[in-house]
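One-letter residues, chain by chain:
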Amino acid sequence: MGSITLKSVRKAFGEVEVIPGVDLEINEGEFVVFVGPSGCGKSTLLRLIAGLEDVTDGQIMIDGKNVTDASPAKRGLAMVFQSYALYPHMSVRKNIAFPLKMAKMPEAEREKRVQHAAGILNLTDYLDRRPGQLSGGQRQRVAIGRAIVREPSAFLFDEPLSNLDAALRVNMRVEISELHKKLATTMIYVTHDQVEAMTMADKIVVLRAGRIEQVGSPLELYRSPANRFVGGFIGSPN
Ligand code: ADP
Ligand code: MG
């Protein structure tokens, strides 16, 4: 579960072509990082995969099934937003359970999943607090918990750490990598931060102006950048 294929995916907003055409293969269980400068189309590509935007052309397959026209709920993916997307008036428990409540899951099953996610994220003792009573790192974990309870076939992260301070960002990087090891679920992680890409990824996808410049492991990109742009961006000596 969790293989994702993009076939000639194109996206235009009106006259403006943001993604001229992307082909990409993401394997089950991989940690894939989309990296590139601001405005290159990382978020748009992620939103196309999530179904939050419609493709202008091309196809998206999840686990071999064509989901190009499927609603976000039908795709079985979970998008992790920045921690400030939490509901401040709700407890941690209710924040985490929120998507399940929306899906009308019975309370007993909801609570079971919340407990499971809280255990994974070390939030068990914080379920009755409100987000405002938590540290930045704990709040970010609550945002991740809200994705875990849905048991998605892949997690999609869009710069989840960009509003955290530098020290916390480093901690959260490690936590997300550990979470990936525990869950062994496909993760797509969007960032403009080369260090994040190099330290977290199994596979890096370097984007520039809506096109893929190179796909490879951190080591492959470092050793053999396809062009000057990748070399400059990844910081290799070539
Ligand atoms: P990134 O996440 O890499 O910073 P985005 O995917 O957010 O880049 O944006 C890529 C380009 O698409 C930008 O030029 C942006 O202005 C444009 N864009 C994104 N969303 C919309 C939209 N809803 N309508 C028009 N243009 C958009
Ligand atoms: Mg973005």
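Just so we're clear, the structure is a prediction, and the values are computed from it rather than from any experiment.

Helix and strand counts for the protein stand at 8 helices and 10 strands. Over its C-alpha trace the protein gives a radius of gyration of 18 Å, about what one expects of a compact globule, namely 18 Å for 238 residues. Seen along its three principal axes, the alpha-carbon backbone of the protein occupies a region of about 50 × 40 × 30 Å. By residue count, 38% of the 238 residues in the protein fall in the buried class. Within the protein, contacts between residues at least 6 apart in sequence are counted, and of these 65% link residues at least 24 apart.

Next up on the list: the sheet that holds strand β4 (residues 57-62). Spatially, the 4 strands line up as an open sheet ordered β2-β1-β4-β5, and their pairing is antiparallel. Every interior strand has two partners, whereas the edge strands, β2 (16-26) and β5 (65-66), have only one. In terms of strand pairing, strand β1 (residues 4-13) meets β4 through 5 bridges, oriented antiparallel. The residue bridging Ile 4 from the neighbouring strand is Ile 62, located in β4.

Moving on, we come to unusual backbone geometry. With a phi close to 40 degrees, Glu 159 is a non-glycine residue in the positive phi region. Tracing the backbone through its elements, the reader meets Glu 159 in the loop between β7 (154-158) and α5 (166-183). Despite not being glycine, Ala 209 shows a phi value in the positive range, around 50 degrees. Structurally, Ala 209 can be placed in the loop between β9 (203-208) and β10 (211-216).

So, about the pairing of strand β6 (residues 77-80). Because side chains alternate across β6, one face comprises the buried residues Leu 77 and Met 79, and the other comprises Ala 78 and Val 80, equally buried. Note: β6 against β7, 4 bridges, orientation parallel. Its bridge partner being in β7, Ala 78 is matched across the sheet by Phe 155.

Here, UniProt's "domain: ABC transporter" (unreviewed entry) annotation points to residues 4-234. As annotated, residues 4-234 has a helix share of 37% and a strand share of 26%, and its two end C-alpha atoms lie 25 Å apart.

Rules used in this analysis
- Residues numbered from 1 in each chain as written.
- Chains lettered and ligands numbered in written order.
- Predicted model: local features only at pLDDT ≥ 70, side-chain atom pairs only at ≥ 80, totals over all residues.
- Helix = DSSP H or I, 4+ residues; strand = E, 2+ residues; numbered from the N terminus.
- Rg over C-alpha atoms; globule rule 2.2 N^0.38 Å.
- Buried ≥ 20, exposed ≤ 12 C-beta atoms within 10 Å, placed from the backbone.
- Contact = placed C-beta atoms within 7 Å.
- Pairing = 2+ DSSP bridges.
- UniProt positions renumbered as here; feature names shortened; annotations may be inferred.

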